[in-house]
Amino acid sequence: MESIITYHAKEVSPHAVLKNAEELYAGGFFCCEAVMKAIRDAFQADVPESVIAMSSGMSIGAGRSGCMCGALNGGILALGMFFGRTTPDGPKDPKVNALMALSKELHDWFREANAKHAACCRVLTRGFEMAEGEHKKQCIAFTGLCAGKVAEILCRELGVKNVDSEPIQGLEAPFLPPVHEEKAV
């Protein structure tokens, strides 16, 4: 596919993008912001840093509403940054339909890769203490997974060399919330 933005990367390591997104999340960005920054930087996209700010409200399931996972939101926004449209060419526009197919590919992959078969933040985080322990580890992992998979898709669609020999793999087992033992009375 043809990108609507200019980018300068000739080769990208999706595994390095995954790791960078995880570090960005652990360092203070929310999931969606970390995905956008990791993709923007890896592909050396000629877009302002404000695209990261644009994604801020989509974190934690869209403004803490618990809807679609913010990391997945970030991945879809990143795909749109490269392949979206800026003209109202109707629902049959091949450009928007191609982007929707890539978004669905990412969505379906993520549902399987997170080992919980869900895309809803509320479902993915049920039983966790927000921003602590296993919850934070899970969200860091989901952020990395989405960024890495988006990097793979972008490499394929843009013809950028993917330098990794192995594809991004999903989790072998889901993150589970801590078990709270009942206190004897």
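**A closer look at the state of the cysteines**
Right, so step 1: All told, the structure shown has 0 disulfides when counted by the stated rule.
Right, so step 2: Among the cysteines around Cys31, which has no disulfide bond, Cys69 carries the closest sulfur, lying 5.7 Å off.
Right, so step 3: Cys31 sits in the buried class, given a relative accessible area of 8%.
Right, so step 4: Free of any disulfide, Cys67 has its nearest neighbouring cysteine sulfur in Cys120, separated by 6.3 Å.

**Considerations on the environment of Asn97**
Right, so step 1: If you trace the backbone, Asn97 turns up in helix α6 (residues 94-113).
Right, so step 2: When its relative accessible area of 34% is taken as the criterion, Asn97 is described as partly exposed.
Right, so step 3: It is 9.6 Å that separates the C-alpha atoms of Asn97 and Gly84, two residues lying 13 residues apart in sequence.
Right, so step 4: Sequence-distant contacts of Asn97, defined by excluding residues within four places in its chain, comprise Pro91 and Lys92.

**Notes on the packing of aromatic side chains**
Right, so step 1: This structure, assessed with the given rule, holds 4 aromatic pairs.
Right, so step 2: Following the ring pairs from residue to residue traces out a cluster consisting of Tyr7, Phe43, Phe82 and Phe83.

**As for helix α1 (residues 14-26)**
Right, so step 1: If you check α1, its first and last C-alpha atoms are 18 Å apart, about what 13 residues at 1.5 Å a residue would give, namely 18 Å.
Right, so step 2: The complete set of buried residues in α1 reads Pro14, Val17, Leu18, Ala21, Glu22, Leu24 and Tyr25. Each buried residue of α1 sits inside an arc of 160 degrees when the element is viewed along its axis, so together they form one side.
Right, so step 3: Buried residues along α1 sit in contact with β1 (11-12), α2 (31-42), α8 (133-158) and β2 (161-162).
Right, so step 4: Positive phi appears at Gly28, one or two residues downstream of α1, with a value of about 130 degrees.

**Some words on the pattern of salt bridges**
Right, so step 1: Inspection of every chain in the model, using the stated rule, returns 8 salt bridges.
Right, so step 2: The salt bridge involving Glu105 is made with Arg156; its shortest N-O contact spans 2.8 Å. Within this pair, whereas Glu105 is found in helix α6, its partner Arg156 is found in helix α8, the two being separated by 51 residues in sequence.
Right, so step 3: Arg156 sits in the partly exposed class, given a relative accessible area of 47%.
Right, so step 4: Residue Lys137 is joined to Glu134 by a salt bridge in which the shortest nitrogen-to-oxygen separation is 3.1 Å. You can see Lys137 and its partner Glu134 sitting in helix α8, 3 residues apart, about one turn around the helix.
Right, so step 5: Residue Glu134 is classed as partly exposed on the basis of its relative accessible area, which comes to 30%.

About the thresholds
Residues numbered from 1 in each chain as written. Predicted model: local features only at pLDDT ≥ 70, side-chain atom pairs only at ≥ 80, totals over all residues. Heavy atoms only, no water. Disulfide = S-S within 2.5 Å. Buried < 20%, exposed > 50% of the residue type's maximum accessible area, 1.4 Å probe, protein only. Helix = DSSP H or I, 4+ residues; strand = E, 2+ residues; numbered from the N terminus. Contact = heavy atoms within 4.5 Å. Phe/Tyr/Trp six-rings, centres within 6.5 Å; stacked < 30°, edge-to-face > 60°. Expected span 1.5 Å × (residues − 1). Arc of directions from axis to C-beta. Salt bridge = Lys/Arg side-chain N within 4 Å of Asp/Glu carboxyl O.

Without other data, these values stay purely geometric and don't point to any function.
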